[in-house]
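Residues per chain are reported as follows:
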Amino acid sequence: MYEYWLSRWEIITIDTRFYLPYLLAPLALIPIVVYVVSRIYGIRKLPRRAFPWFIVAFVVVLLAMYGPDLTAPERMGFAVGGGRLVVDVGWWGVPSGKVYNLSDCGLEWINASTTRIWRSGRGGPYVVIGKITLMPQVVEGYGMVTRDAEWILVARCPDATYILGGPGLSPRVVHD
Amino acid sequence: MIKFFLVAFGLPWLLFPVMYLWGVGAWALVMMFTPALGVIAQGEVYRPELRLRDFAAFFYPLVWVAASVAVTALFVPPSGPEAGIRYLLARMVNVPAEEVPRDFVDAIITQNLLVPLLIPFAMLANTFFAFGEEYGWRGYLTPKLAKRLGWVGASLVVGALWGLWHAPVLLLGHNFFEKFWWPSVPLFMLFCAASSPVLTWAYLRHGVWGAAAFHGGINAFAGAYFLLYPPEPTWLLNPAGVMGTAGWIPLTLYAIWDIRRMQNTGHINADATPPTHHSSR
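Structural notes on the interface of chain B and chain A
With 19 residues of chain B at the contact, the number on the chain A side is 18 residues. Among the elements of the structure, helix 2 (27-32), helix 3 (34-42) and helix 6 (102-114) of chain B are those that each provide at least two residues to the side of chain B that touches chain A. Here the side of chain B that touches chain A is built from residues that sort into 14 nonpolar, two polar and three charged.

A look at the sheet that holds strand 4 (residues 98-101) of chain A
Residue and element names in this part refer to chain A. Sheet architecture is open: four strands sit in the order 1-2-3-4, paired in antiparallel fashion. Either end of the sheet is taken by a strand with one partner, and the two such strands are strand 1 (2-7) and strand 4. Looking at each pair of strands side by side, their axes are set apart by 10 degrees on average, direction ignored. With four bridges joining them, strand 3 (residues 84-88) and strand 4 adopt antiparallel strand pairing. Following the sheet pairing, Arg 84 is matched in strand 4 by Asn 101.

Regarding the nonpolar core
Core analysis: the biggest nonpolar cluster contains 73 residues, and Ala 202 and Phe 214 of chain B have the highest contact counts within it. Take this core: its biggest share by element is 22 residues, from helix 9 (residues 184-221) of chain B. With near-sequence residues (within four places) excluded, Ala 202 of chain B lies in contact with Ala 57, Tyr 60, Gly 210, Ala 211 and Phe 214 of chain B. Ile 11, Met 76, Leu 134 and Leu 153 of chain A belong to the second-largest nonpolar core, a separate cluster that totals 28 residues.

Some remarks on the packing of helix 1 (residues 2-22) of chain B against helix 3 of chain B
Residue and element names in this part refer to chain B. Orientation of helix 1 relative to helix 3, taken along the N-to-C sense of each, is 150 degrees, at an axis distance of 7 Å. Viewed along their axes, helix 1 and helix 3 form a crossing whose handedness is right-handed. In contact with Lys 3, Phe 4, Phe 5, Val 7, Ala 8, Leu 11 and Pro 12 of helix 1, helix 3 contributes Thr 34, Pro 35, Leu 37, Gly 38, Val 39, Ala 41 and Gln 42. Along the lines of polarity and charge, the residues of the contact of helix 1 with helix 3 split into ten nonpolar, three polar and one charged.

Remarks on the environment of Ser 196 of chain B
Residues and elements named next belong to chain B. Take Ser 196: it is sitting in helix 9. C-alpha separation for the pair Ser 196 and Asn 219, spaced 23 residues apart in sequence, amounts to 14 Å. Setting aside chain neighbours within four positions, we find Ser 196 in contact with Ser 155, Leu 156, Val 158, Gly 159 and Trp 162.

Here's the deal with the domain arrangement of chain A
Residue and element names in this part refer to chain A. Along its sequence, chain A is carved into domain 1 (8-70) and domain 2 (75-169). With centres defined by C-alpha atoms, the gap from domain 1 to domain 2 works out at 36 Å. Tallying the contact residues gives four residues for domain 1 and four residues for domain 2. Ranked by the residues each element gives to the side of domain 1 that touches domain 2, the list is headed by helix 1 (residues 8-41), at three residues.

Scoring rules and cut-offs
Residues numbered from 1 in each chain as written. Chains lettered and ligands numbered in written order. Predicted model: local features only at pLDDT ≥ 70, side-chain atom pairs only at ≥ 80, totals over all residues. Contact = placed C-beta atoms within 7 Å. Helix = DSSP H or I, 4+ residues; strand = E, 2+ residues; numbered from the N terminus. Nonpolar A, V, L, I, M, F, W, Y, C, P; charged D, E, K, R; others polar. Pairing = 2+ DSSP bridges. Axes fitted to C-alpha atoms, helices over the stretch in contact; angles between N-to-C directions. Core = buried A, V, L, I, M, F, W, Y, C linked by C-beta atoms within 7 Å. Buried ≥ 20, exposed ≤ 12 C-beta atoms within 10 Å, placed from the backbone. Left-handed = near helix turned anticlockwise from the far one by under 90°. Domains from an automatic or database assignment.

This is the structure:
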């Protein structure tokens, strides 16, 4: 039996670690812009009424960065093995609370090194969640795949096709 | 002028290793303020007047995009948005163009159709960041050199220098999609030299903020070219390549004519010192 679960908090911390170097540029940009504009226009002191706007700008940046993550379910993932497939994501169109008998689903394994993942949904540094297309195999479905997945499971179940990948997932674990 | 050059050209190269490691991204915006920092370092700060009507210059580069498309159409028939977007997506993730799923190309085309809704934001953001450059190139360096070379000569020299200044990002794949492809630097120097008289014209007509709006318009609208032509080969079918440079020629000729006309009618500050405020003409 193989299970992979991811929490909202894990997604936020992974994102933060990944984006931190990219935040350095805006952090460098702000004092440079303030310095240039203040030198050119002789602004020596910021008016008091400017501060609420800085706070608003800060909150907007934070919301732009983390807003989508905050809409994630508290816990999401999938389990496969023991004759069952459980898909419980509930984000970006991937259903939650779905349980299938593996015998009802056609299973196909794709080695991650032989494919490229295209997605409509949540991308980011570690996990892809949403509508996924595998190229050049031209396989479409909903699911989640982590960057470190070696194998990707394509499960063609009666009402949907799922594309799933997680750390350590392999054809062998389904039979364990 | 030494301090100006040291700061304007030195800082981007200091940023080069950072951009190499983490991607150009927002570091390009930091780089855009180095010419303004150069002017400050030189101790020749001036205060350009900010007038809303000068922001109309943001839309002038649409004429250049149209001219570039028209010039290209003389040689290559347009292929429509799918090929260009497919090519750009494929270059972004380093896969063959035919591997990009149709769904994704369609989604990007739909996003592009919604772009006009973002024009007010694009105008403000692009103009503001371009101001960091124009404050140095058009507001400071061009008038300085114009004392010796005249406005047209100064525009061409500043244009070539301005193109060279882009080298750190060009060598990282900016505009030409190839990392460490050295012809990107001379190609972009030609592009900038060809467009510089038009930016000088915008500066003389609308001041530094007008030139910044014009420059912002170039950055905002250049990509529209790819809706008709995929950039292959990148040196030719590219708004920053030969066709984009050729698109400047009619506008540059007009700008040179109008600058000379303004000079003859005395509408230009003849001693070419950076004015303390930039009134039209």
